[in-house]
Amino acid sequence: MTDAEIAPTTAPGVVPAAPAALAGGLLVPAQGSGPEDTRRHNLSTILTAVHHRPGVTRAELTRLTGLNRSTVLKVVAELVEGALVHEVSPSEHAGRGRPSSHVYPARDVAALAVYPDLDAVTVGVIGLGGALLGRLRRPTEGRARPEQIVSLVSQLASDVIAQLPEPVVIVGVGCAVPGLVRAADGVVVDAPHMDWHDVPFGAMLSDALGLPVQVRNDARIATVAEAVFGAGRGVADLVYLNGSYSGIGGGAITGGVTLRGRDGYGGEFGHTRVDGGRERCHCGRTGCLETEVNLRRLLAALGRDDVDLSELDDELDAAQGRPGVEQEIDRQIGILAGAIGDLASVFNPSMVVLGGALGSLWSAAPDRLAAAVAADSFAPMSGDLTIVRAELGSRVHLVGAAEIFMLAYLRDPAQLAERVARLRQEA
Ligand SMILES: [Zn+2]
């Protein structure tokens, strides 16, 4: 399987140009010169667009992809024949609009998504179109060993599939891990908070489930999810930053392509140094962003040991005006703003998406953060920079993990159709 991680962007009207191009905001593979290459390219472009925008009309597909009407008609027909999409005629579709068919991804094609975190493991089923069809979460006690997680995942996977209202075919597995993951072979090189080191987790999961598996760092996966289905939908250049109990993770998308780096480690923004930082980080350095803009330090100011992240907004709201808390929020916002200014200089994004505790920090003082970024940036880089909060909440890792797995198939829909046909027959 090829492994260029590509996220879509919306740039309606952008016409593809060889070798790799934005088409309808979707970065598509090199077209090649033969008719087979053209066919694969067109199938990929249309299926990806339908996957990212379920219910898109044929007229919109023409506009988004730059393919002409008769090509769109032919390609959609081929995808319908392969049972990867289905069409709903305008009269069947609720609401009036232009008389053009709406195209939806097949309802029964799905990937499993797996997310082992510090205190629980979650398994979800994600359909084409990014729909979360089912999810089960099981708390784990203490630091679970990889073998324990794999056996829990097997159990949860069969349970969650059995509970689905309609049968699906599972084409593979995407897995998000809070640690450094070598993309090529799914080895978790270092997940310090789980105490996993050089764990061949992808291979272990694949053996247990009998399915192909892709494993990536959780923040990189969340970056893709937010860019495809969340706050950054349609944005070609964005930086994502997430704060949690395990620190700060992130990722970047430039020109519609996710930052990966040689081994897939690119985007460890939590371990970039910030001004005045004195604390030692678990990575061995001193003054990392994640030791300064830090959830535990925020909780200490609030006088709390532990807060469910979904309740952090309310906690900060209730503490408004408390000097110690305001001071700590201001301190963290100032440092975060400097880091965002640095990232803006490196990546020149049009959007910064903040997730988890960083979303709460932004929400506590959105104007203060924006002003601090503007004051602490090289002006041309931050002038039109939008800072927003992540949208996908607790499903971000599942949706993103499934997306990472589906990317290779989205590039070759004929192969996906073949596999789906075989799996449907076996079912
Ligand atoms: Zn560090």
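Parameters at a glance
- Residues numbered from 1 in each chain as written.
- Predicted model: local features only at pLDDT ≥ 70, side-chain atom pairs only at ≥ 80, totals over all residues.
- Heavy atoms only, no water.
- Helix = DSSP H or I, 4+ residues; strand = E, 2+ residues; numbered from the N terminus.
- Rg over C-alpha atoms; globule rule 2.2 N^0.38 Å.
- Buried < 20%, exposed > 50% of the residue type's maximum accessible area, 1.4 Å probe, protein only.
- Domains from an automatic or database assignment.
- Buried area = accessible area lost by both parts, 1.4 Å probe.
- Salt bridge = Lys/Arg side-chain N within 4 Å of Asp/Glu carboxyl O.
- Polar contact = N/O pair within 3.5 Å; in protein donor to acceptor, adjacent residues only side chain to side chain.
- Nonpolar A, V, L, I, M, F, W, Y, C, P; charged D, E, K, R; others polar.
- Donors = N, O, S within 2.8 Å, 3.2 Å for Na, K, Ca; no water.
- Tetrahedral: all angles 85-135°; square planar, octahedral: opposite > 155°, others 65-115°.
- Pairing = 2+ DSSP bridges.
- Axes fitted to C-alpha atoms, helices over the stretch in contact; angles between N-to-C directions.
- Arc of directions from axis to C-beta.
- Contact = heavy atoms within 4.5 Å.
- Expected span 1.5 Å × (residues − 1).
- Core = buried A, V, L, I, M, F, W, Y, C linked by side-chain atoms within 4.5 Å.

K.L.:
Provide a residue-level description of the overall build of the protein chain, including the pertinent values.
P.N.:
Scanning the protein chain for helices and strands turns up 15 helices and 18 strands. Its C-alpha atoms give the protein chain a radius of gyration of 22 Å, within 12% of the compact-globule value 22 Å for 427 residues. Dimensions of the protein chain along its principal axes, counting C-alpha atoms only, are 65 × 50 × 40 Å. Counting all 427 residues of the protein chain, 53% fall into the buried class.

K.L.:
Describe the domain arrangement of the protein chain, naming the residues involved and giving the relevant values.
P.N.:
Taken domain by domain, the protein chain comprises domain 1 (21-104), domain 2 (109-221 + 401-426) and domain 3 (233-391). Computed from C-alpha coordinates alone, the two centres of domain 1 and domain 2 are separated by 28 Å. Between domain 1 and domain 2, roughly 1100 Å² of surface is buried when both sides are summed, and carbon and sulfur atoms account for 67% of that area. Its largest share of buried area at the contact with domain 2, domain 1 owes to Leu47, His51 and Leu84, together 47% of the area lost on that side. Linking domain 1 with domain 2 are zero salt bridges. Scanning the region where domain 1 abuts domain 2 turns up five residue pairs in polar contact (both at pLDDT 80 or more). A total of eight residues in the side of domain 1 that touches domain 2 trace back to one element, the largest contributor, which is helix H1 (residues 35-52). When its residues are assigned to classes, the side of domain 1 that touches domain 2 shows seven nonpolar, five polar and two charged.

K.L.:
Give a detailed account of the coordination of the zinc ion, specifying residues and quantitative values.
P.N.:
Every protein donor of the zinc ion is listed here as His271 (ND1), Cys281 (SG), Cys283 (SG) and Cys288 (SG), and their distances to the metal cover 2.0 to 2.3 Å. Considering all four donor atoms around the zinc ion, the spread of angles at the metal, 103 to 122°, places the coordination shape in the tetrahedral class. In primary sequence terms, the donor set of the zinc ion follows H-x9-C-x1-C-x4-C. One end of the pair, His271, is in the loop between strand E16 (257-258) and helix H7 (289-292); the other, Cys283, is in the loop between E16 and H7, and 12 residues separate them in sequence. A relative accessible area of 18% means that His271 is categorised as buried. Classification of Cys283 as partly exposed rests on a relative accessible area of 35%.

K.L.:
Talk me through the sheet that holds strand E10 (residues 180-182); I want residue IDs and the actual numbers.
P.N.:
Taking strand neighbours across the sheet as the criterion, the three strands line up as E10-E11-E12 in an open arrangement whose pairing is antiparallel. Because the sheet does not close on itself, it has two edges, and the strands there are E10 and strand E12 (196-199). Strand-to-strand twist of the sheet, defined as the mean angle between neighbouring strand axes without regard to direction, takes the value 20°. When E10 meets strand E11 (residues 187-191), the two strands line up antiparallel, connected through three bridges. Residue pairing for E11: Arg182 is matched across the bridge by Val187.

K.L.:
Describe the pairing of E12, with residues and values.
P.N.:
Here E11 runs beside E12; their pairing, made up of three bridges, is antiparallel. Looking at E12, one finds that Asp190 is bridged to His197. Between E11 and E12, which follow one another and run antiparallel, lie four residues, and Asp195 among them has a positive phi close to 60°.

K.L.:
Got a sec to walk through helix H5 (residues 201-209)? Specific residues and values, please.
P.N.:
Those residues of H5 lying buried are Phe201, Gly202, Leu205 and Leu209. Viewed along the axis of H5, the buried residues span an arc of 100°, placing them on a single side of the element. Packed against the buried residues of H5 are strand E6 (109-116), helix H4 (146-162), strand E9 (169-177), E11, E12 and strand E13 (213-217). Of the residues trailing H5, Gly210 is marked for its positive phi of about 65°.

K.L.:
Run through helix H14 (residues 396-411), naming residues and quoting values.
P.N.:
In a regular helix each residue adds 1.5 Å, so 16 residues correspond to 22 Å; H14 covers 22 Å between its end C-alpha atoms and thus fits that length. Taken across its 16 residues, H14 has 16 buried, putting it largely inside the fold.

K.L.:
Provide a residue-level description of the nonpolar core, including the pertinent values.
P.N.:
The biggest cluster of nonpolar side chains holds 57 residues, and the ones touching the most others in it are Ile46, Leu61, Leu84, Val171 and Met406. A total of 11 residues in this core trace back to one element, the largest contributor, which is H14. Among all residues touching Leu84, those that are not within four sequence positions of it are Leu47, Leu79, Tyr104, Pro105, Ala106, Val109, Leu128, Pro413, Leu416, Ala417 and Val420. With 38 residues, the next largest nonpolar core counts Phe269, Leu312, Val325 and Ala365 among its residues.

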